[in-house]
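Overview (structure and organization)
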Amino acid sequence: YQRRVREAVVSTQSTGIARMLDFVGGVLRVPNVSTRQQPTPAPAEKDFRYGVHPDTLRKRYNVSENVGSNPGNVQATAQFLNQHYSAADLKEFMRFFGKGFTHLTEISKVIGPNSGKPGLEANLDVQYLMSLGANISTVFWSTGGLHEKQEPFLEWAITLTNTTDLPHVFSVSYGDVERSLSPEYMTRINTEFQKLGLRGISILFASGDDGAGCHNFNDTAYTFEPQYPASSPYVTTVGGTQFTAIFSDVNEEGNDISGGGFSNQFAMPKWQQETVGKYLNTTANLPDAKYFNPKMRAYPDVSAMSDDFWIIIDRILMNVAGTSAATPTVAGLVSMANDARLNAGKPVLGFLNPFIYQNPQIFFDVTLGSPSQACWLDDLEGYPVAEGWDPVTGFGTPDYNKLIAAAMQYYN
């Protein structure tokens, strides 16, 4: 009976009711499958780089001892799916890993639910956002409930647009298969993202941990599988890298799990057409175009380390990986750029992508690494890493000093 009611609602879109509807949910949906990568064991050897922690990242990206200082600067992590952070774990993490830089040990404000067992994702996001965006007020913004068994992104986005005083930067490490969401639903969320961009809010999403992805739509035919909101033209999407050697921090390469590719729903925005066109026209060994649509929004935009991260959860040291680690890393550095601008009497950066595509020199260009994962059962690889922008690492990883210099010159 309920199914019939839903089908009846869909049929009304052809009548006068259609002009009052943004989308109809709950119809012919494919359930989402979690793509979170399991923790990897810590190395046993001594006297080498021993995993990735805040000092590793601050050294690699030239942050050094720089921290935020503007009292009006605020950043946030957005959480879903009953992910809660532990205040005790945050304090322990900073006691253990925060000795080399000035930092805060408490979240400045919690919005939404945060009770129950601490979650790996929530702890990771808080601990690294506050380590790279160090000494900057941080909000934990949690949204409960589900939208058709997945994250209620629209509810969250509407709440943001209806809130007067917002953090300047949001780090978000969640996403779904684009195919599992209706075009109307995603378009409605994009409308809210545009509103937030106009208000000067920077929203960064993880690109996912399935590489190019793989959708088998019959026994012999495949396409790549883009993720959303990573594929939205109105957010900044963060891919993943890893060090080229297990115990060295000298150089980075693309992480083959790094989500990336081309949307099946959203056209390529003007600000990336020239850059992505160069990649498509000059890169050898591209996948066959039947697997993706080269005219659509390409992602990720940038990347950061995404492997071998130490976090603390339930007072236990744990090693984790994924673009969920890269996203708060980049978001924290964006907050640092905002801090410099605010201290100079300038507005925050806001919607980041035009700034990013105008300033490729602010990134370490990652040109090493294997192609991204795709349909491994049929030996189908994803996208190759290349000079300049590519669908594994975007423009590469941030160089703090060059980021700050470009941000101070940027007029938005």
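Residues numbered from 1 in each chain as written. Predicted model: local features only at pLDDT ≥ 70, side-chain atom pairs only at ≥ 80, totals over all residues. Heavy atoms only, no water.

1. Details of the nonpolar core
As a reminder, the rule being used: Only buried residues count toward a nonpolar core. Its members are Ala, Val, Leu, Ile, Met, Phe, Trp, Tyr and Cys residues joined through side-chain atoms within 4.5 Å. For every residue, the accessible area (1.4 Å probe, protein chains only) is compared with the maximum for its type, and the residue is labelled buried under 20%, exposed over 50%, or partly exposed between those bounds. Secondary structure elements are taken from DSSP: a helix is a run of H or I of four residues or more, a strand is a run of E of two residues or more, and numbering for both begins at the N terminus. Any pair of residues with heavy atoms lying within 4.5 Å of one another is described as a contacting pair.
Judged by nonpolar contacts, the single largest core of 72 residues is most densely connected at Y128, F309 and F355. Here this core gets 8 residues from one element, more than from any other, and that element is helix α8 (residues 323–343). Excluding residues that lie within four positions of it along the chain, F309 makes contacts with V52, L57, L124, Y128, M318, N319, V320, A325 and T329. Judged by nonpolar contacts, the second largest core, of 26 residues, contains W156, L160, L166 and V235.

2. Some details on the packing of aromatic side chains
We apply this condition: Working definition: a ring pair exists when centres of Phe, Tyr or Trp rings (six-membered ring for Trp) sit within 6.5 Å. Plane angles under 30 degrees give stacked, over 60 give edge-to-face, the rest tilted. Whether a charge lies above a ring is judged from NZ of Lys or CZ of Arg, which has to be within 6 Å of the ring centre and within 35 degrees of the ring normal.
If you walk through the whole model with that rule in mind, you get 28 aromatic pairs. Aromatic side chains Y228 and F266 sit 5.8 Å apart centroid to centroid with 45° between the ring planes, which places their arrangement in the tilted category. With Y228 in strand β9 (residues 227–228) and F266 in strand β12 (residues 261–267), the pair connects residues that are 38 residues apart, well separated along the chain. Across the pair, F266 and Y228 agree in class, each one buried. In textbook terms, an aromatic cluster arises when at least three aromatic residues are bridged by ring pairs, as seen for F80, W141, F153, W156, F170, Y174, F193 and F205. It is R60 that lies over the ring of F364; its NZ or CZ is 5.0 Å from the centre.

3. Looking at the environment of I404
In this fold, I404 is placed in helix α10 (residues 400–409). For the pair I404 and N338, spaced 66 residues apart in the sequence, the C-alpha separation amounts to 8.7 Å. Residues within four places of I404 in sequence aside, it is in contact with M336, A337 and A340.

4. Brief notes about empty space enclosed by the protein
The following threshold applies: Cavities and pockets are found on a 1 Å grid laid over the protein atoms alone: a cavity is a set of points where a 1.4 Å probe fits but cannot escape, a pocket is an open set with protein on both sides within 12 Å along at least five of seven lines, and a lining residue has an atom within 4 Å of such a point. Grid points are joined across faces, edges and corners, and a volume is the space filled by probe spheres set on the points.
By the definition in use, this model includes 2 cavities of 30 Å³ or more. Taken as a whole, the largest cavity encloses approximately 120 Å³ of empty space. In terms of lining, the largest cavity is formed by 14 residues, of which the most central are V330, V334, I356, F363 and L403. Elements that contribute at least two residues to the lining of the largest cavity include exactly α8 and α9 (353–358). When residues of the lining of the largest cavity are assigned to their parent elements, the largest contribution, 3 residues, is made by α8. In this model, the second largest cavity occupies a volume close to 40 Å³.

5. Points about the confidence of the model for the protein chain
Definition in use: You can read pLDDT as the predictor saying how much it trusts each residue, on a scale of 0 to 100.
Per-chain confidence: the protein chain averages 89 in pLDDT, with 87% of residues scoring 70 or above. pLDDT under 50 marks residues 1–21. Its contacts with residues more than four places away, or in other chains, come to 11 contacts. Confidence drops under a pLDDT of 50 for residues 23–47, and excluding neighbours within four residues, the segment shows 48 contacts in the predicted structure.

6. Brief notes about the state of the cysteines
Threshold: Any two cysteine sulfur atoms within 2.5 Å of one another count as a disulfide.
For the coordinates displayed, the defined rule picks out 1 disulfide. Through a disulfide, C214 is tied to C375; the S-S separation comes to 1.9 Å. Between C214 and C375, the S-S dihedral sits near 105°, and the bridge is therefore right-handed. Of this pair, C214 sits in the loop between β6 (202–206) and β7 (215–216) while C375 sits in the loop between β17 (363–364) and β18 (397–398); the two residues are 161 residues apart in sequence, bridging distant segments of the chain. Assessed through its relative accessible area of 31%, C214 is described here as partly exposed. On the basis of relative accessible area, C375 is assigned to the buried category, the value being 3%.

7. Quick word on helix α5 (residues 153–161)
Residues spaced three or four apart along an α-helix point in a common direction, a consequence of the helix completing one turn every 3.6 residues. Under the convention used in this document: The directions from the helix axis to the C-beta atoms form the arc being described.
By the burial criterion, the buried members of α5 are F153, L154, W156, A157, L160 and T161. All buried residues of α5 lie within an arc of 160° about the axis, which places them on one face of the element. For α5, the elements touching its buried residues are β1 (74–79), β3 (137–142), β4 (169–172), β5 (176–177), α6 (183–198) and β6.

8. Here's the deal with helix α4 (residues 120–132)
Test applied: What a helix is expected to span follows from its residue count: subtract one and scale by 1.5 Å.
Its 13 residues give α4 an end-to-end C-alpha distance of 18 Å, which sits within 8% of 18 Å, the value for a rise of 1.5 Å per residue. The buried fraction of α4 amounts to 12 of the 13 residues, a majority that puts the element mostly inside the structure. Regarding α4, the residues found buried are E121, A122, N123, L124, D125, V126, Q127, Y128, L129, M130, S131 and L132.

9. Thoughts on the pattern of salt bridges
We apply this condition: A carboxyl oxygen of Asp or Glu within 4 Å of a side-chain nitrogen of Lys or Arg is what we treat as a salt bridge.
Summed over all chains, the structure comprises 9 salt bridges. A salt bridge links R95 to E92; the nearest nitrogen and oxygen atoms lie 2.8 Å apart. Of the two residues, R95 and E92 are both situated in helix α3 (residues 87–97); the distance of 3 residues between them amounts to about one turn of the helix. E92 gets classed as partly exposed once you look at its relative accessible area, which sits at 22%. Notably, a salt bridge pairs D301 with R297, separated by 2.8 Å at the nearest N-O pair.

10. Describing the side chain of S263
Put simply, the test is: Identification of polar contacts relies on pairs of N or O atoms within 3.5 Å, with a donor-acceptor requirement for protein atoms, meaning one able to donate a hydrogen and the other able to accept it, and with residues adjacent in sequence counted only if both atoms are side-chain atoms.
Assignment of secondary structure puts S263 in strand β12. In this structure the side chain of S263 is engaged in a polar contact, spanning 2.8 Å, whose partner is the side chain of E178. Within the local environment of S263, its side chain forms a polar contact with the backbone nitrogen of Q265, the two atoms lying 2.8 Å apart. Beyond its immediate stretch of four places on either side in the chain, S263 contacts E178, P226, S231, N293, M296 and R297.

11. Thoughts on unusual backbone geometry
Negative phi is the rule for most residues except glycine; trans is the rule for most peptide bonds. A cis geometry characterises the amide bond from Y228 onward to P229, with omega recorded as 10°. Looking at the element boundaries, P229 is found in the loop between β9 and β10 (236–243). Cis rather than trans, the peptide bond between Y299 and P300 has omega equal to 5°. In this fold, P300 is placed in the loop between β13 (296–299) and β14 (302–305). Residues other than glycine seldom take positive phi values, yet D314 does so here, at roughly 55°. Inspection of the secondary structure assignment puts D314 in the loop between β15 (309–313) and β16 (316–320).

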